[in-house]
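Architecture at a glance
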Amino acid sequence: MEKPVDGMNLPSEVGQRVIDKPELPPQGISTDSEVYTEVVAGEMHLKRGTIGKFEVFSDEHQRIGGADRYPSPMTYLAMAIGF
């Protein structure tokens with residue numbers, strides 16, 4: 001069996017993209033993501049997540065000790081399911 005296609009090195013030109021083809025590659029597509037998460041020191045439940053050039057923050061509601069400045073981790077999970 002052939003190795004999966006490297007999903008991070010696919011063409012982005014319209015007509016050449018994988019999504020423009022009638023079928024996906026039979027060997028599949030493989031992608032790896034390195035995501036970093038950290039607790040922001042001194043900020044109770046505030047957390048920061050980064051992947052590449054993107055950065056997101058997560059917090060908890062005031063009723064459980066957070067400052068309620070950003071969506072909770074479960075809110076991000078619910079949004080991800082919707083995407």
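Everything numeric in this text was worked out from a predicted model, so none of it was measured.

Criteria and thresholds
Position labels on residues start from 1 in each chain and follow its written sequence. Local features in a predicted model are, by the rule used here, given only for residues with pLDDT of at least 70; side-chain atom pairs are given and counted only at 80 or more, and totals for whole chains, interfaces and linings are based on all residues. With hydrogens and water set aside, each side-chain value is computed from the structure's full complement of heavy atoms. Being paired, for any two strands, means DSSP has found at least two bridges between them. Secondary structure is summarised from DSSP: a helix means a run of H or I of at least four residues, a strand means a run of E of at least two, and numbering begins at the N terminus for each. For helices, the axis comes from a line fit to the C-alpha atoms of the stretch in contact; other axes are also lines fit to C-alpha atoms, and the angle between any two N-to-C directions lies between 0 and 180 degrees. Salt bridge, as used here, is a side-chain nitrogen of Lys or Arg placed within 4 Å of a carboxyl oxygen of Asp or Glu. We call a residue buried when its accessible area falls under 20% of the maximum for its residue type, exposed when it is over 50%, and partly exposed in between, using a 1.4 Å probe and counting protein chains only. Each residue gets a pLDDT score, which is the predictor's confidence in that residue and runs from 0 to 100. When charges are counted, Lys and Arg are positive and Asp and Glu negative, with His and the chain ends excluded. Any pair of N or O atoms that falls within 3.5 Å is considered a polar contact. Within protein, one atom must be able to donate a hydrogen and the other to accept it, and sequence-neighbouring residues count only if both atoms are side-chain atoms. Between two residues, a contact is recorded if the distance between any of their heavy atoms is within 4.5 Å.

In this section: the sheet that holds strand β3 (residues 36–39). The strands that make up a sheet are held in pairs by hydrogen bonds between backbone atoms, and each pair lies either parallel or antiparallel. Spatially, three strands are ordered β3-β4-β5 in an open sheet, and the strand pairing comes out antiparallel. Strand pairing shows two members of the sheet lacking a second neighbour, β3 and β5 (54–58), which therefore form its edges. Ignoring strand direction, the axes of neighbouring strands in this sheet form an average angle of 20 degrees. Relative to β5, strand β4 (residues 47–51) runs antiparallel, the two being bridged by five bridges. Within β5, the position partnered with Arg 48 by the bridge is Phe 57.

Our next topic: the pattern of salt bridges. Counted according to the given criterion, the structure contains four salt bridges. Taking the shortest distance from any N to any O, the salt bridge between Arg 17 and Asp 20 comes out at 2.9 Å. With relative accessibility at 29%, the residue Arg 17 sits in the partly exposed group. On the accessibility criterion, Asp 20 (31% relative accessible area) is partly exposed. Note that Arg 48 and Glu 55 form a salt bridge whose closest N and O atoms lie 3.5 Å from each other. Residue Arg 48 is classed as partly exposed on the basis of its relative accessible area of 28%.

Moving on: the confidence of the model for the protein chain. On average, residues of the protein chain carry a pLDDT of 93, and 100% of them reach 70 or more. Across the protein chain, the secondary-structure element scoring lowest on mean pLDDT is strand β1 (residues 5–6), at 92, and the one scoring highest is β5, at 97.

This part is about the side chain of Asp 59. Among the structural elements, Asp 59 can be located in the loop between β5 and α1 (73–82). It turns out Asp 59 is buried and unbridged, and the closest side chain with the opposite charge, Arg 69, is 4.3 Å from it. Only 3.1 Å separates the side chain of Asp 59 from the backbone nitrogen of Arg 69, close enough to count as a polar contact. Apart from the residues lying within four places of it in its own chain, the contact partners of Asp 59 are His 45, Leu 46, Gly 66, Ala 67, Asp 68, Arg 69, Tyr 70, Pro 71, Ser 72 and Pro 73.

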